[in-house]
Amino acid sequence: MRSKAPLGTRILRDTQDWEALSDDQVITAREKTNRAALSRAARIVTGLPDRRAHIKETRIDLPGRRLMLRVHRPKDAGRKLPLIVSFHGGGFIAGTATQNDWLNSHLAVRCPAVVVSVEYRLAPEHPLPQPIEDGFDTLVRLVEEAADWGVDPGAVAVMGESAGGTIAALIALRAGKDGPPLLAQVLNYPVTDWTETMTEYSSIDENADNPTLPLSRLRAARKLSVPPGLDARGVSPLTFDSLAGLPSALVVTAALDPLADHGRRYVERLREDGTDAHLTCYPRATHTFLSIPGLVPAARPARCEILTFLRSHLHPASRG
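Residues numbered from 1 in each chain as written. Predicted model: local features only at pLDDT ≥ 70, side-chain atom pairs only at ≥ 80, totals over all residues. Heavy atoms only, no water.

Let's talk about unusual backbone geometry
What you tend to see is this: most non-glycine residues have negative phi, and most peptide bonds are trans.
Turning to step 1, where the next piece is worked out: In the segment running from Cys111 into Pro112, the intervening peptide bond is cis, with an omega of -20 degrees.
Turning to step 2, where the next piece is worked out: Looking at the element boundaries, Pro112 is found in the loop between helix H3 (101–110) and strand E4 (114–119).
Turning to step 3, where the next piece is worked out: Note the cis peptide between Leu128 and Pro129, where omega equals 10 degrees. (Helix = DSSP H or I, 4+ residues; strand = E, 2+ residues; numbered from the N terminus.)

If you want it as structure tokens, here you go:
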């Protein structure tokens, strides 16, 4: 018998018919959602950042655009640290870097590492592949300017949740050819298929009544972020011909998530192609659960697992 979602997640039930919204209405809904997520009261749900972390917002200039970065760094850091580049979720139509402060700040302090969360551009104004380019170009710039950022260019990992997991996975695929080299990738309930088969997985039907990711939002995300003429296979890691030679991957999924099979199937493909990949599925956990630790107890053991994985790859001497 399938377990029920934690009671508290019911307050997050999304009843909006996203497919019926115009582009302007999607932007307005995004802004409203982000304002709510940034409120002080929301910290009860999204979790308090680790007080030992210094969090700073800064800007990075890339060709043709300027992006905001949210940088998490241990307050007592006095040396070069590994770099973790993080990407928030939101289906490429919503979300903000701040929603991952709880996870990113704790990883920064306890790994330790410099965790940089990228405020990549969103659809409908900036459809795919623009968010992917934002992520890759930011990674390249950070590594090129490693000394200025106080990071070790030889100890770099990427991490993302949901659509941010798409970005992290695609960067890992691209970095294998174009650099910079990565030591690890963490994909939290990632979207790995943006093609027309996106919703043709058993977990979609099994978890259609989940409170945190309605199917209307998932379909709207695909409609708005995958423009006409774009071959969606090029932004769908699961459809790539080869997943060989990639950095070790940890894929975290939630048993009550419509997208659970996206992560499970991606791990199967990684293993088939010889890439070291680990899969954990947390029961009684919903989509976005690492961003709402105040409502889903599974967020804490998942954070510990992510920390252990990243530390073992970014600080090899600490293994064992």
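Some thoughts on the side chain of Ser225
Turning to step 1, where the next piece is worked out: Here Ser225 shows up in helix H8 (residues 215–225).
Turning to step 2, where the next piece is worked out: At 2.5 Å, the side chain of Ser225 forms a polar contact with the backbone oxygen of Ala221.
Turning to step 3, where the next piece is worked out: Once residues lying within four places of it in the same chain are set aside, the contact partners of Ser225 are Gly91, Phe92, Ala123, Pro127, Leu128 and Trp194. (Polar contact = N/O pair within 3.5 Å; in protein donor to acceptor, adjacent residues only side chain to side chain. Contact = heavy atoms within 4.5 Å.)

Notes on the packing of aromatic side chains
Turning to step 1, where the next piece is worked out: Taken as a whole and judged by the stated rule, the model has five aromatic pairs.
Turning to step 2, where the next piece is worked out: Each ring, one from Phe92 and one from Trp194, has its centre 5.1 Å from the other, and the planes form 40 degrees; the classification is tilted. Of this pair, Phe92 sits in the loop between strand E3 (81–87) and H3 while Trp194 sits in the loop between strand E6 (184–188) and helix H7 (202–206), placing them 102 residues apart in sequence. With respect to class, Phe92 is no different from Trp194; both count as buried. (Phe/Tyr/Trp six-rings, centres within 6.5 Å; stacked < 30°, edge-to-face > 60°. Buried < 20%, exposed > 50% of the residue type's maximum accessible area, 1.4 Å probe, protein only.)

Brief notes about the nonpolar core
Turning to step 1, where the next piece is worked out: Counting 68 residues, the largest nonpolar core has Trp194 and Tyr266 as the members making the most contacts within it.
Turning to step 2, where the next piece is worked out: Tallying contributions element by element places helix H6 (residues 163–178) first for this core, with nine residues.
Turning to step 3, where the next piece is worked out: Ignoring sequence-local partners within four residues, the contact set of Trp194 consists of Gly91, Phe92, Ala163, Thr166, Ala221, Arg222, Ser225, Val226, Ala232, Val235 and Ser236.
Turning to step 4, where the next piece is worked out: Ala157, Ala184, Val252 and Ala298 belong to the second largest nonpolar core, which has 33 residues in total. (Core = buried A, V, L, I, M, F, W, Y, C linked by side-chain atoms within 4.5 Å.)

Here's the deal with the state of the cysteines
Turning to step 1, where the next piece is worked out: Considering all chains together, one arrives at zero disulfides under this definition.
Turning to step 2, where the next piece is worked out: Take Cys281: it sits in no disulfide, and the sulfur closest to it among the cysteines is that of Cys304, at 18 Å.
Turning to step 3, where the next piece is worked out: Residue classification places Cys281 among the partly exposed residues on the basis of a relative accessible area of 42%.
Turning to step 4, where the next piece is worked out: No disulfide involves Cys304; its nearest neighbouring cysteine sulfur is the one of Cys111, lying 13 Å away. (Disulfide = S-S within 2.5 Å.)

Things to note about empty space enclosed by the protein
Turning to step 1, where the next piece is worked out: Applying the stated rule across the entire model yields one cavity of 30 Å³ or more.
Turning to step 2, where the next piece is worked out: Quantified by volume, the largest cavity comes out at close to 50 Å³.
Turning to step 3, where the next piece is worked out: Around the largest cavity sit Ser86, Phe87, Asn100, Leu103, Asn104, Met159, Gly160, Glu161 and Asn188, which together line it.
Turning to step 4, where the next piece is worked out: For the lining of the largest cavity, the element with the most residues is strand E5 (residues 151–161), which contributes three residues.
Turning to step 5, where the next piece is worked out: Across the lining of the largest cavity, the residue classes tally to three nonpolar, five polar and one charged. (1 Å grid on protein atoms, 1.4 Å probe; cavity = no way out; pocket = protein on both sides within 12 Å on 5 of 7 lines; lining within 4 Å. Points joined across faces, edges and corners; volume = space filled by probe spheres on them. Nonpolar A, V, L, I, M, F, W, Y, C, P; charged D, E, K, R; others polar.)

Some points on the sheet that holds E6
In sheet architecture, strand pairing relies on hydrogen bonds along the backbone and comes in two forms, parallel and antiparallel.
Turning to step 1, where the next piece is worked out: The strand order E1-E2-E4-E3-E5-E6-E7-E8 describes an open sheet built from eight strands, whose pairing is mixed. Across the chains shown, the open sheet's two edge strands, defined by having one partner strand only, are strand E1 (53–62) and strand E8 (277–282). Averaged over all neighbouring strand pairs, the angle between strand axes comes to 20 degrees, with direction disregarded.
Turning to step 2, where the next piece is worked out: Sheet analysis places E5 next to E6, joined by five bridges and oriented parallel. Across the sheet, residue Ala157 finds its bridge partner in E6, namely Ala184. (Pairing = 2+ DSSP bridges. Axes fitted to C-alpha atoms, helices over the stretch in contact; angles between N-to-C directions.)

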